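Residues per chain, in single letters:
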Amino acid sequence: MSSHLTVDLRGQADWDTGRLVDPKVAWPTEAPLVPLRSLVSNVRAGSVATAGSPVITPGGLVARTGAVRRRSTKYQGKAFTVGPRGLRLGDVIVPPSPSGPAIFIDSRLDGALLSSRFTALRPVDPMLSRWIWAVLNTRAGRARRASLATGITVPSVKTLDLLDMGVPLPPLAEIMRLDEALASIEAHTHLEEEPSESTWWATADLRRGYDWEVMLATPRPELLTDGEPLGSFVQEVKPSRSTRHVEVPTELPGTLPVLDVGALGGRPPRRWVAADFTPVTRVDPGDLLLARVGEYSYATVAQRPAVADPGIFVLRLRDRSRGPALAHFLNGREGRAKRRMFLMRAIIPSLRWADLSRIPIPAEALEFDADVEPDVALADQLERVLWTA
């Protein structure tokens, strides 16, 4: 599949394709554009991962936070190793998916294995490392990567196309002025990882009082009695309504974004609805949003008005200050394990509110006040710092 774009070059200061693309994916800055390949070298994978080794793969990243969620023990093949003969501090790892987050290599990843499906970039000037990481992770950076992607079912960006992509390069003094703020944002991507996949077996006594589906879903069914049910924190579950018949594909004045599971995961909204249209599920700041389908909840506290797709739960909390801690727990190891217990009931792994409301929240989870996932997605944080600072 190919696409063509006709552009009138008369009156243009230069013919740099990075400046001539659709304005929706153009860089929101006047800084000159340079090919990414002039700022980095491409590092080759020099190790081999065997089955059973924990490997960071593109599928183990979280687009919204830029964090490594989990490592795979099933990956086999060429890999990068973080260490003296492999990836170094300051290298930037880019997944093939344009919506995936770039990863900044630092000491927390010492000894880690990474899939060779990533493109590994080594900045020629170490002072540019965090800038390159940040630029690739902004909304504009992900949109530019998406414009280069090929493939219909699974769009991906080829390494050569990524290296040819034009990126903004302001004066070094400006880059260094922003480095401390970028370092702070990058540090907040260091979230707790989930354990690698594993198998288990157990002998279950079905007379213990638990549903047999739950007994088959976990070796620790006692988790269902540890804490206060999620439903006790919820004042209202907003009704689910379809938006398909009233959506528009472009953001217009007076419209609200439609939030689906992809948006909760960090992707930009793709659909909008008129703000004054009433038969939709309104999202208000402070609402707790969760995915209905799949093992991962993508729990998020809404920061601005929006409209909800039927694929997510919209929960109005009795105490909105509990939202960040609840979201952090539901996205973590134990919350995901508890969610998985109820997914065994369906052929398509989805949840009913009646089941989700039973998930117990331990008291210590409510006291958690550090390492909470940022309320604002990584891409949006970087947009504010890079283009409006």
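Draft legend 1. Here's a closer look at the confidence of the model for the protein. In this model, the protein carries a mean pLDDT of 83, and residues with pLDDT of at least 70 account for 82%. Within the model, pLDDT remains below 50 along residues 1–24, and this stretch shows 18 contacts once partners closer than five positions in the same chain are excluded.

Draft legend 2. Layout of unusual backbone geometry. In this model, Tyr298 sits at a positive phi of 50°, which is unusual for a non-glycine residue. In this structure Tyr298 comes out as partly exposed when scored by relative accessible area, which is 22%.

Draft legend 3. Quick peek at the nonpolar core. If you look at the biggest cluster of nonpolar residues, it comprises 33 residues, and the most contacted ones within it are Trp27, Leu121, Trp133, Leu136, Val167 and Leu386. Of all the elements in the fold, those that place two or more residues in this core are strand 1 (33–35), strand 8 (92–94), helix 2 (129–137), helix 4 (159–164), helix 5 (172–187) and helix 12 (378–388). Considering every element that reaches this core, the biggest residue donor is helix 2, with six residues.

Draft legend 4. Region of the structure containing the sheet that holds strand 9 (residues 103–104). Here we have four strands laid out as an open sheet, ordered 2-11-8-9, and antiparallel in their pairing. The sheet is open, and its two borders are formed by strand 2 (40–43) and strand 9, each paired with just one other strand. As judged from the four bridges shared by strand 2 and strand 11 (residues 119–123), these two strands associate in the antiparallel manner. Bridge assignment links Asn42 to a residue of strand 11, and that residue is Leu121.

Draft legend 5. Molecular detail of the packing of helix 3 (residues 139–148) against helix 12. Closest axis-to-axis distance for the helix 3/helix 12 pair is 7 Å, and the angle between their directions is 110°. When the axes of helix 3 and helix 12 are compared, the pair comes out roughly perpendicular. Within the contact between the two elements, helix 3 uses Arg139, Ala140 and Arg142 and helix 12 uses Leu378, Ala379, Asp380, Glu383 and Trp387. Taken together, the residues of the contact of helix 3 with helix 12 sort by class into four nonpolar, no polar and four charged.

Draft legend 6. Local environment of helix 12. In terms of burial, helix 12 is largely enclosed, as eight of its 11 residues are buried. Burial in helix 12 covers these residues: Leu378, Ala379, Gln381, Leu382, Glu383, Val385, Leu386 and Trp387. Looking at the buried positions of helix 12, the neighbouring elements they touch are helix 2, helix 3, strand 12 (166–168) and helix 5.

Draft legend 7. Spatial organisation of the side chain of Thr300. By secondary structure assignment, the location of Thr300 is in strand 20 (residues 300–301). For Thr300, a relative accessible area of 6% corresponds to the buried category. A polar contact of 3.0 Å, which involves the side chain of Thr300, links it to the backbone oxygen of Tyr298. When sequence neighbours within four positions are dropped, the list of residues in contact with Thr300 reads Arg64, Leu264, Asp287, Leu288, Leu289 and Ala327.

Draft legend 8. Here's a closer look at the packing of aromatic side chains. Scanning the entire structure with this criterion turns up three aromatic pairs. Ring plane angle 65° and centroid distance 6.1 Å describe the contact between Trp27 and Trp387, whose orientation is recorded as edge-to-face. Of this pair, Trp27 sits in the loop between helix 1 (17–20) and strand 1 while Trp387 sits in helix 12, and the two are 360 residues apart along the sequence. Grouping residues by exposure puts Trp27 and Trp387 together as buried. Between Tyr296 and Tyr298, the aromatic rings sit 4.8 Å apart at their centres with planes inclined by 80°, giving edge-to-face as the arrangement. When the ring centre of Tyr296 is taken as origin, the NZ or CZ atom of Arg69, which lies over that ring, is 3.8 Å away. One Lys or Arg, Arg292, reaches over the ring of Phe313 and ends 4.0 Å from the middle of that ring.

Draft legend 9. The sheet that holds strand 15 (residues 247–248), seen in detail. Spatially, five strands are ordered 15-17-16-21-18 in an open sheet, and the strand pairing comes out mixed. Each edge of the open sheet is held by one strand with a lone partner, namely strand 15 and strand 18 (281–283). In this structure, strand 16 (residues 255–259) lies alongside strand 21 (residues 306–308), joined through two bridges in parallel fashion. Along strand 21, the bridge assignment pairs Val258 with Val307.

Criteria and thresholds
- Numbering of residues begins from 1 in every chain and follows the order in which that chain's sequence is written.
- Under the rules for a predicted model, residues below a pLDDT of 70 receive no local features and side-chain atom pairs below 80 are neither given nor counted, while totals for whole chains, interfaces and linings still include all residues.
- Each side-chain value is derived from all of the structure's non-hydrogen atoms; neither hydrogens nor water enter the calculation.
- Note: pLDDT gives the predictor's confidence per residue, expressed from 0 to 100.
- Residue contacts follow a heavy-atom distance rule, with two residues in contact if any of their heavy atoms lie within 4.5 Å.
- Burial classes: relative accessible area under 20% of the type maximum marks a residue as buried, over 50% as exposed, and values in between as partly exposed (1.4 Å probe, protein chains only).
- We call a set of buried residues a nonpolar core when its members are Ala, Val, Leu, Ile, Met, Phe, Trp, Tyr or Cys and they connect through side-chain atoms within 4.5 Å of each other.
- Secondary structure counts use DSSP, requiring at least four H or I residues in a row for a helix and at least two E residues in a row for a strand, with both numbered from the N terminus.
- Two strands qualify as a pair provided that DSSP identifies no fewer than 2 bridges between them.
- Axis angles are defined between N-to-C directions and span 0 to 180 degrees, where every axis is a line fitted to C-alpha atoms and, for a helix, only to the segment in contact.
- Should an angle fall under 35 degrees it is taken as roughly parallel, and over 145 as roughly antiparallel, whereas 65 to 115 is taken as roughly perpendicular and any remaining angle as oblique.
- Residues are sorted three ways: Asp, Glu, Lys and Arg are charged, Ala, Val, Leu, Ile, Met, Phe, Trp, Tyr, Cys and Pro are nonpolar, and all the rest, Gly among them, are polar.
- Polar contact criterion, stated in full: a pair of N or O atoms within 3.5 Å, where within protein one must be able to donate a hydrogen and the other to accept it, and residues adjacent in sequence count only if both atoms are side-chain atoms.
- Each Phe, Tyr or Trp ring, with Trp reduced to its six-membered ring, pairs with another whose centre is within 6.5 Å; inter-plane angles below 30 degrees give stacked pairs, above 60 give edge-to-face pairs, and intermediate values give tilted ones.
- Placement of a positive charge over a ring is assigned whenever Lys NZ or Arg CZ falls within 6 Å of the ring centre and within 35 degrees of the normal to the ring plane.

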